[in-house]
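An overview of the molecular structure
Given next are the chains, with one letter for each unit.
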Amino acid sequence: SKVELQRDAFDVAIRMGPLQDATFRARKLGNSKKVVVAAPSYLASHAPPQTPADLGSHNCLNFNFRRALDEWPFMVDGKLVHLSVDGGVKTNNGETMRQLTLQGLGVSRLGMFHVFDDIQRGDLVELLPQYNPGDFEEINLIYLNQKHIPPRVRVFIDFVVERLTPVLAVKSSKAP
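**Comments concerning the confidence of the model for the protein chain**
Model confidence for the protein chain is summarised by a mean pLDDT of 85, while 88% of its residues fall at 70 or above. At the level of individual helices and strands, the protein chain shows its lowest average pLDDT in helix 1 (residues 5-8), which scores 54, and its highest in helix 2 (residues 40-45), which scores 98.

**Some details on unusual backbone geometry**
One non-glycine residue, D77, adopts positive backbone phi at about 50 degrees. Structurally, D77 can be placed in the loop between strand 4 (71-76) and strand 5 (79-84). The exposed category is assigned to D77, whose relative accessible area is 77%. Positive phi outside glycine occurs at L128, with the angle close to 55 degrees.

**What about the side chain of N132?**
Here N132 is to be found in the loop between strand 8 (125-127) and strand 9 (136-144). Beyond its immediate sequence surroundings of up to four residues, N132 is in contact with K33, K34 and V35.

**Looking at helix 4 (residues 112-121)**
Of the residues making up helix 4, those classed as buried are M112, V115, F116, D118 and I119. Backbone geometry just after helix 4 places G122 at a positive phi near 90 degrees.

**Things to note about helix 3 (residues 94-102)**
For helix 3, the full list of buried residues reads G94, M97, R98, L100 and T101. Each buried residue of helix 3 lies within a common arc of 165 degrees when the element is viewed along its axis, so the set occupies one face. Each element contacted by the buried residues of helix 3 is listed here: strand 2 (24-38), strand 3 (62-63), strand 6 (90-91), strand 7 (108-111) and helix 4. With a side-chain oxygen lying 2.8 Å from the backbone nitrogen of E95, the N-terminal cap of helix 3 falls on N93. Backbone geometry just downstream of helix 3 places G104 in the positive-phi region, at approximately 80 degrees.

**Brief notes about the packing of helix 3 against helix 4**
Look at helix 3 against helix 4: their axes get within 10 Å of each other, and the N-to-C directions meet at 20 degrees. In terms of their interaxial angle, helix 3 and helix 4 are classed as roughly parallel. Here the hand of the crossing between helix 3 and helix 4 comes out right-handed. Along its contact with helix 3, which presents G94, E95, R98 and L102, the element helix 4 presents H114, V115, D118 and R121.

**Quick notes on the pattern of salt bridges**
Note that side chains of opposite charge can pair when their charged atoms are close. According to the stated counting rule, one finds nine salt bridges in the structure shown. The shortest N-O distance in the salt bridge between D11 and R152 comes to 3.1 Å. Remark: R152 occurs in helix 5 (residues 151-173) and D11 occurs in the loop between helix 1 and strand 1 (12-16); sequence separation between them is 141 residues. By relative accessible area, D11 is classed as partly exposed at 38%. Residue classification places R152 among the exposed positions, given a relative accessible area of 56%. The closest approach of N and O atoms between D158 and R27, which form a salt bridge, is 3.3 Å. Here D158 is found in helix 5, whereas its partner R27 is found in strand 2, with 131 residues between them in sequence. D158 sits in the partly exposed class, given a relative accessible area of 40%. Judged by relative accessible area, which is 31%, R27 ranks as partly exposed. Each of the salt bridges in this network shares a partner with another, and the network as a whole consists of E95, R98, D118, R121 and D123.

**Some details on the pairing of strand 2**
Examined bridge by bridge, strand 2 and strand 9 share nine bridges and lie antiparallel to one another. For G30, the partnering residue across the bridge sits in strand 9 and is I139. Judged from the four bridges that link them, strand 2 and strand 7 form a sheet pairing that is antiparallel. Across the sheet, residue V36 finds its bridge partner in strand 7, namely R109.

About the thresholds
Residues numbered from 1 in each chain as written. Predicted model: local features only at pLDDT ≥ 70, side-chain atom pairs only at ≥ 80, totals over all residues. Heavy atoms only, no water. pLDDT = per-residue confidence, 0-100. Helix = DSSP H or I, 4+ residues; strand = E, 2+ residues; numbered from the N terminus. Buried < 20%, exposed > 50% of the residue type's maximum accessible area, 1.4 Å probe, protein only. Contact = heavy atoms within 4.5 Å. Arc of directions from axis to C-beta. Polar contact = N/O pair within 3.5 Å; in protein donor to acceptor, adjacent residues only side chain to side chain. Axes fitted to C-alpha atoms, helices over the stretch in contact; angles between N-to-C directions. Parallel < 35°, antiparallel > 145°, perpendicular 65-115°, else oblique. Left-handed = near helix turned anticlockwise from the far one by under 90°. Salt bridge = Lys/Arg side-chain N within 4 Å of Asp/Glu carboxyl O. Pairing = 2+ DSSP bridges.

This is the structure in structure tokens:
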């Protein structure tokens, strides 16, 4: 679920997607390419989709948080198409979605940073990359919009930006 910094008494959080709240400051960590993936065990019993329309016969795992849509974007014949997908499981957590996908329960659309190593190892297979429209989502570190940021928070923010920005540049924007 979404962390509310002040209400939940957090100093810092990482937020995926568009920022629509002016009550906090943000430092951009990077962009995450979104990819459609499935486990080899799932694909052994389900024919891999050759076109986005083929996903209609697949169990597509999806998110259930407020800004999530039951549509995935694809580039078909030079046009951006949002395809409705359906499946038996919804979650509000990317790591849970990754684990469900690794267990062979269906096809999911996740940030490359979540699944980069899995694809490298062959534990997940990227599907329909030729239809990927350059589907990216921002990753931001957010913190309270206050006049004086405590030194421990400032040091932590600098540390996270220094460590995560280069990792995300490799694991988020490029296919393995």
